[in-house]
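Structural features, examined
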Amino acid sequence: MYGGGYIFSEPTKADQAAHVDDPTKLAEFEARIDRGEKIEPHDWMPFEYRKQLIRLIEQHAHSEVMGALPEGTWITRAPGFRRKMILIAKVQDEVGHGQLLYAAAETLGKSREAMINDLLSGKSKYSNVFNYPAKTWADVTVIGFLIDAAAIVNQVANSKGSYGPYCRALERICYEESFHLKQGHDAFIALATGTKAQRDMVQDAINRWYKPIIHFFGPSDKASQHSEKLMKWKVKMASNDDMRNQFLDQYVPKVLELGITFPDPNLKKNADGKWEFSDPDWDEFKRVINGDGPCNAERMAVRKYAEESNRWVRCALMNPMQPATLPYA
Ligand code: FAQ
């Protein structure tokens, strides 16, 4: 069912270290990547390429599903019927993105169940930003505007990458994220041009979200563990620092033009066109991505509750006596 017949079972560290790819196949594979060809699930691929793709796509899928939670809590409290309908549609889209991405990761041979288990056990990560609280409606506008914008910068770049199923999923996701970004910008503008209380609320939200957004693109290029390999194999099409810089370039002016400021006196563009900012506290980033952020426990508890209370639905769908009901990816 998965990975064109290939079933990925995570090898031990010793086996991984001992694994050597066939050098001829590796050279052919790298030549295909250099020519800009797409790699498809039935194609030969290096062990490490498969493993890295599973890690990255799986984390991305978890991020979409966990990312629905901070905004989801605001559906009942959205200001007005129109905003409520839009938010319901957006949250539903995010979960749909999770579905698309789990399906893309499944083509590499890891089952969805194994991925969900790894999320729930804390083995697999998800984006840092979803471990912060959405305290006010302004937080929802910051997520819809700036987190979606950050996600688009990353996803548009990576949709030009080398693995076919991931790129196709990203293309579709980007269309929907563009709508999310527009609605987020609209809601953000409504507050930023509103009453003093609304402006204060949006400024407070920006003050709290600034650092997590800087963290969103990952550690600096010097500290990034996976970038070199992922960029060589065209899984990542831009480095963490380049994506962060592109985001700041596009969106800092859009916030400043509304009279909202950033809580960092050192945020500025230098003569080379690169953004500079204060040390964003990478220790906090590490704590958050390793399970010790302000909302990690709450988010995981909600996910575990959903997993357990809906198990009967999956069991009914996955009855082994009725293989035709399996969800073909
Ligand atoms: N959060 O070596 P690098 C969204 C980890 S979707 C948590 O630089 P890499 C939609 C990294 O995993 C948002 N962990 O890693 C939405 C690694 O740990 P590991 C998600 C992070 O992979 C919007 C370690 O640090 N998008 O928002 C983060 O080369 C609104 C070392 O880092 C994607 O997942 C982080 N921010 O580059 C939904 C896109 N950054 O695994 C709802 C695909 C780094 O060795 C509402 N992913 N880490 O234990 C990517 O492009 C890459 O994975 C990066 C990180 C760029 C995120």
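Preceding this section is the structure that the text describes.
First things first, this report covers the structure right here in the doc.

Reading guide: rules and limits
- Residues numbered from 1 in each chain as written.
- Predicted model: local features only at pLDDT ≥ 70, side-chain atom pairs only at ≥ 80, totals over all residues.
- Heavy atoms only, no water.
- Helix = DSSP H or I, 4+ residues; strand = E, 2+ residues; numbered from the N terminus.
- Buried < 20%, exposed > 50% of the residue type's maximum accessible area, 1.4 Å probe, protein only.
- Polar contact = N/O pair within 3.5 Å; in protein donor to acceptor, adjacent residues only side chain to side chain.
- Disulfide = S-S within 2.5 Å.
- Expected span 1.5 Å × (residues − 1).
- Bend = angle between axes of the 7 residues up to and from the residue.
- Near = heavy atom within 4 Å.
- Nonpolar A, V, L, I, M, F, W, Y, C, P; charged D, E, K, R; others polar.
- 1 Å grid on protein atoms, 1.4 Å probe; cavity = no way out; pocket = protein on both sides within 12 Å on 5 of 7 lines; lining within 4 Å.
- Points joined across faces, edges and corners; volume = space filled by probe spheres on them.
- Salt bridge = Lys/Arg side-chain N within 4 Å of Asp/Glu carboxyl O.
- Contact = heavy atoms within 4.5 Å.

This paragraph deals with the environment of Lys-196. For Lys-196, the location among the structural elements is in helix H8 (residues 196-216). The exposure class assigned to Lys-196 is exposed, which follows from its relative accessible area of 61%. Along the chain, Lys-196 and Lys-274 lie 78 residues apart, while their C-alpha atoms are 33 Å from each other. Polar side-chain contacts of Lys-196 include one of 2.7 Å to the side chain of Asp-200.

Per the stated rule, a full pass over the model turns up 0 disulfides. In this model Cys-174 remains outside any disulfide bridge; the closest cysteine sulfur is found in Cys-167, 10 Å from its own. For Cys-174, a relative accessible area of 10% translates into the label buried.

On to helix H6 (residues 137-158). Compared with the 32 Å implied by 1.5 Å per residue over 22 residues, the 31 Å span of H6 between its first and last C-alpha is a close match. If you look at H6, its biggest bend is around 30°, right at Ile-143. H6 sits mainly inside the fold: 21 of its 22 residues count as buried.

Taken together, 38 residues surround the ligand, and among them Lys-125, Asn-154, Ser-224, His-226 and Lys-236 come closest. Asn-158 places a polar side-chain atom, nitrogen or oxygen, 3.4 Å from an oxygen atom of the ligand. Within the contact set of the ligand, an oxygen atom lies 2.7 Å away from a side-chain nitrogen or oxygen of Ser-224. Top contributing element to the shell around the ligand by residue count: helix H3 (residues 47-72), with 8 residues. Along the lines of polarity and charge, the residues of the shell around the ligand split into 13 nonpolar, 16 polar and 9 charged.

For the structure shown, the criterion picks out 2 cavities of 30 Å³ or more. In this model, the largest cavity occupies a volume close to 60 Å³. Lining the largest cavity are Leu-146, Tyr-210, Ile-213, Ile-214, Phe-247, Leu-248, Tyr-251, Val-252, Val-255 and Phe-262. Of all the secondary-structure elements, those providing two or more residues to the lining of the largest cavity are H8 and helix H10 (240-256). Element by element, the count of residues in the lining of the largest cavity is highest for H10, at 5 residues. Around the second largest cavity sit Glu-71, Leu-87, Trp-137, Val-140, Thr-141, Gly-144, Gln-183 and Ala-187, which together line it.

The next thing to look at is the pattern of salt bridges. Applying the stated rule across the entire model yields 24 salt bridges. For Lys-229, the salt bridge is made with Glu-48, and the minimal N-O distance between the two is 3.1 Å. Of this pair, Lys-229 sits in helix H9 (residues 227-232) while Glu-48 sits in helix H3, and the two are 181 residues apart along the sequence. Measuring nitrogen to oxygen at the nearest pair gives 3.0 Å for the salt bridge that ties Glu-284 to Lys-211. Highlighted residues: Glu-284 in helix H11 (residues 282-289) and Lys-211 in helix H8, separated in sequence by 73 residues. The exposure class assigned to Glu-284 is buried, which follows from its relative accessible area of 15%. Taken together, the shared-partner salt bridges connect Arg-32, Arg-35, Glu-37 and Asp-43 into one network.

This paragraph deals with the environment of Leu-69. By secondary structure assignment, the location of Leu-69 is in helix H3. When residues no more than four places from it in sequence are discounted, the contact partners of Leu-69 are Arg-299 and Val-302.

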